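# Examination of the molecular architecture
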Amino acid sequence: MTRDPLSALDPPVVIEPTQAVLASVVWLHGLGADGHDFEPIVPELGEALTRHVRFVFPHAPRRAVTINGGMPMRAWYDIADMELDRRADETGVRESAQILDALVAREGERGVEAEKVVVAGFSQGGAIALHGGLRQQQRLAGVLALSTYLPLGHTLGAEASNANRHVPIFMGHGSQDPVVPLALSEQSRALLSDHGYVVETHTYPMPHSVCAEEVRDIADWLRRVLAAALRRG
């Protein structure tokens, strides 16, 4: 029997809508944070989203992180090298992509099929949202990637799912980001474009964080992609 990737994780933070659930957003936090990190953003997205959208904020497993002296912390993958485009731990990335797949499948079990699910994430979480979302075998409503980059980009051509060749992608980044340089995000966007993906990109005058303008843009994008998904469904 295949082990459930969610069985070893702490239960996620879940914010239920005020009315019937029509769609879901699965949102992965960054390195060293937890599922509560983006919980406060939900009310800022507006009633149009909080009325019918379930937000799921999972907690990453705890693992030793090499660049932090091997200190255990919540992380979607290990970071072994300061060179960001070479530092992603492939085993960890793929394990976390399986977790993301299982979270999407769980939404299906709760009545929200994959095509009405947005996978989202910040920093490390955004890397998993991009990596896993583009390999997800069922069509998704969208991929939201904040202050991040695409890990294992060299394998995308062989592994990309045809179901999500045209999935809407939002990438937002700070021009003053000292953690994940804007140039690396731009390289990822160019690679995605080379593979035929259309990416909506936004740059903000901020460091490795989220700002009010970005929250407004996220809310607008989520309304658009989820409305389109609900029309299809």
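The preceding data block contains the structure.
Residues numbered from 1 in each chain as written. Predicted model: local features only at pLDDT ≥ 70, side-chain atom pairs only at ≥ 80, totals over all residues. Heavy atoms only, no water.

## Here's the deal with the packing of aromatic side chains
Counted according to the given criterion, the structure contains five aromatic pairs. Arranged with centres 5.5 Å apart and planes meeting at 50°, the rings of F38 and F122 form a pair that is tilted. Taken together, the residues span a long stretch of sequence, with F38 in the loop between β2 (23–28) and α1 (41–44) and F122 in strand β6 (residues 117–122) at a distance of 84 residues. Each member of the pair F38 and F122 is classed as buried. Here F55 and F57 contribute two aromatic rings whose centre-to-centre distance is 6.3 Å and whose plane-to-plane angle is 10°, an arrangement assigned as stacked. One exposure class covers both F55 and F57, and it is buried. (Phe/Tyr/Trp six-rings, centres within 6.5 Å; stacked < 30°, edge-to-face > 60°. Helix = DSSP H or I, 4+ residues; strand = E, 2+ residues; numbered from the N terminus. Buried < 20%, exposed > 50% of the residue type's maximum accessible area, 1.4 Å probe, protein only.)

## Focus: the nonpolar core
Among the nonpolar cores identified, the biggest contains 44 residues, and Y77, V119, L130, I169 and L192 are the most heavily contacted of them. Among the elements of the structure, β2, α4 (90–109), β6, α5 (124–133), β7 (142–146), β8 (169–174) and α7 (182–194) are those that each provide at least two residues to this core. The element contributing the most residues to this core is α4, with six residues. Not counting residues within four places of it along the chain, the set of residues in contact with I169 comprises L130, L134, V143, Y197, V198, V199, E200 and W221. Counting 29 residues, the second largest nonpolar core, distinct from the first, contains L45, L49, F57 and L226. (Core = buried A, V, L, I, M, F, W, Y, C linked by side-chain atoms within 4.5 Å. Contact = heavy atoms within 4.5 Å.)

## Notes on the sheet that holds β8
Note on sheets: strands pair through backbone hydrogen bonds, and any given pair is parallel or antiparallel. Spatial strand order, β1-β3-β2-β6-β7-β8-β9: seven strands in an open sheet with mixed pairing. Looking at the sheet topology across the chains shown, the edges are occupied by β1 (13–15) and β9 (199–204). The sheet shows a mean angle of 15° between the axes of neighbouring strands, direction not considered. Contacts between α4 and the sheet are confined to β2, β3 (53–57) and β6, with β2 contributing the most and set at about 160° to the helix. (Pairing = 2+ DSSP bridges. Axes fitted to C-alpha atoms, helices over the stretch in contact; angles between N-to-C directions.)

## Comments concerning the pairing of β6
Counting buried residues in β6 gives six out of six residues, a clear majority hidden from the surface. What you see with β6 is no split at all: V117, V119 and G121 on one side and V118, A120 and F122 on the other are buried throughout. Summarising the sheet, β2 and β6 pair through five bridges and their orientation is parallel. Within β6, the position partnered with S24 by the bridge is V117. As judged from the five bridges shared by β6 and β7, these two strands associate in the parallel manner. The partner of V119 across the bridge, within β7, is V143.

## Let's talk about α5
Residue pairs three or four apart in sequence face the same way in an α-helix, which turns once every 3.6 residues. Judged by how many residues are buried, α5 sits mostly within the fold: 10 of 10 residues are covered. The set of residues buried in α5 consists of Q124, G125, G126, A127, I128, A129, L130, H131, G132 and G133.

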